[in-house]
Amino acid sequence: MASNHNVNRLDLVEQTVDELIGKYHNCAQCTLVGIQIVSGLKDDGLAKASTGFAGGIGGMQSVCGALSGAVLALGMKYGRDISFLEGAPEAASKKQSEAVEQAARLAKWFEHEFGSIICSELRKSHMGTDLSMGVPWQNEWAEQLGMRKRCSKLAAKAARRALAMLDDPKLSILEKI
């Protein structure tokens, strides 16, 4: 069971991500930065690099940007830094395995929670069709159907889960946080 301090942090990360997306729109970057703000693991270079993951990587609607941002946040704790690539290959491999496991755990939870990790599939399941934000009339319809709000809520939940995983790397897929 999460302590009140952790529950407050989890609520705060959801609220922060929702507000950031409402202002700045980038699902990947806002998910990552929201987690960075609440966790204290700020990294401007990583935040900047996450910009292109929006809209399922460059707007291609591939892997969900919110999931990508959350995985990047996990990598800040569980990933390997450059020093691992200058040392023993065994240590680098072990550290990589730890990071990949955390990414896979989050991705499997995400897929279980939302039905897919693919942006276009998530959008279609919500709206009944896939609309392009780059086409003015389709963007208008997507807004009418609440797509941006849906993505914001999805990103906030992914951030909440990732923040919990920063504290508990073995969090069960069934554990509600």
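Residues numbered from 1 in each chain as written. Predicted model: local features only at pLDDT ≥ 70, side-chain atom pairs only at ≥ 80, totals over all residues. Heavy atoms only, no water.

Draft legend 1. Region of the structure containing the overall build of the protein chain. For the protein chain, the count of helices and strands is eight helices and zero strands. Helices and strands in the protein chain line up, N terminus first, as α-α-α-α-α-α-α-α. For 177 residues, the compact-globule formula gives about 16 Å, and the C-alpha radius of gyration of the protein chain, at 16 Å, lands near that figure. Over its C-alpha atoms, taken along the principal directions, the protein chain stretches across nearly 55 × 40 × 30 Å. For the protein chain, the proportion of contacts with a sequence separation of at least 24, taken over those separated by at least 6, is 59%. Within the structure as shown, the protein chain displays about 9,600 Å² of accessible surface, and the carbon and sulfur contribution to it stands at 57%. A gap of 2 Å separates the mean positions of the 21 positive and 20 negative side-chain charges of the protein chain. (Helix = DSSP H or I, 4+ residues; strand = E, 2+ residues; numbered from the N terminus. Rg over C-alpha atoms; globule rule 2.2 N^0.38 Å. Contact = heavy atoms within 4.5 Å. Areas by Shrake-Rupley, 256 points an atom, 1.4 Å probe, with all protein chains shown as cover. Lys, Arg positive; Asp, Glu negative; His and termini not counted. Charge placed at Lys NZ, Arg CZ, Asp CG, Glu CD.)

Draft legend 2. Local environment of helix α6 (residues 119–127). Along α6, the positions that sit buried rather than exposed are Cys-119, Leu-122, Arg-123 and Met-127. Down the axis, α6 shows its buried residues gathered within 110 degrees of arc, on one side only. Along its buried surface, α6 packs onto α5 (89–114), α7 (136–144) and α8 (147–167). With its phi angle positive at about 85 degrees, Gly-128 sits one or two positions after the end of α6. (Buried < 20%, exposed > 50% of the residue type's maximum accessible area, 1.4 Å probe, protein only. Arc of directions from axis to C-beta.)

Draft legend 3. Focus on the packing of aromatic side chains. Using the criterion set out here, one finds four aromatic pairs in the structure. Summarising the aromatic geometry, the rings of Trp-137 and Trp-141 are spaced 4.9 Å apart at their centres and angled 80 degrees between planes, so their arrangement reads as edge-to-face. A residue pair is termed a helical-turn pair when its members lie 3 or 4 positions apart in one helix, as Trp-137 and Trp-141 do in helix α7 at four residues. Since its relative accessible area comes to 45%, Trp-141 is described here as partly exposed. A connected cluster of aromatic rings, assembled from ring pairs, spans Trp-109, Phe-110 and Phe-114. (Phe/Tyr/Trp six-rings, centres within 6.5 Å; stacked < 30°, edge-to-face > 60°.)

Draft legend 4. Structural context of the environment of Ala-164. If you trace the backbone, Ala-164 turns up in helix α8. A sequence separation of 157 residues divides Ala-164 from Val-7, and the C-alpha atoms of the two residues are 9.2 Å apart. Among all residues touching Ala-164, those that are not within four sequence positions of it are Leu-10, Leu-171 and Ile-177.

Draft legend 5. Quick peek at the confidence of the model for the protein chain. Looking at the protein chain as a whole, the pLDDT averages 93, with 97% of positions reaching at least 70. Looking across the protein chain, the model is least confident in helix α1 (residues 4–24), with a mean pLDDT of 90, and most confident in helix α2 (residues 27–39), with 98. (pLDDT = per-residue confidence, 0-100.)

Draft legend 6. Quick look at the pattern of salt bridges. Inspection of every chain in the model, using the stated rule, returns 13 salt bridges. In this structure, the salt-bridge partner of Arg-160 is Asp-11, at a minimum N-O distance of 2.8 Å. Remark: Asp-11 occurs in helix α1 and Arg-160 occurs in helix α8; sequence separation between them is 149 residues. Among the residues examined, Arg-160 registers a relative accessible area of 11% and is labelled buried. Glu-143 is the salt-bridge partner of Arg-148, the closest N and O atoms lying 3.0 Å from each other. One continuous salt-bridge network, built from bridges that share partners, spans Asp-11, Glu-14 and Arg-160. (Salt bridge = Lys/Arg side-chain N within 4 Å of Asp/Glu carboxyl O.)

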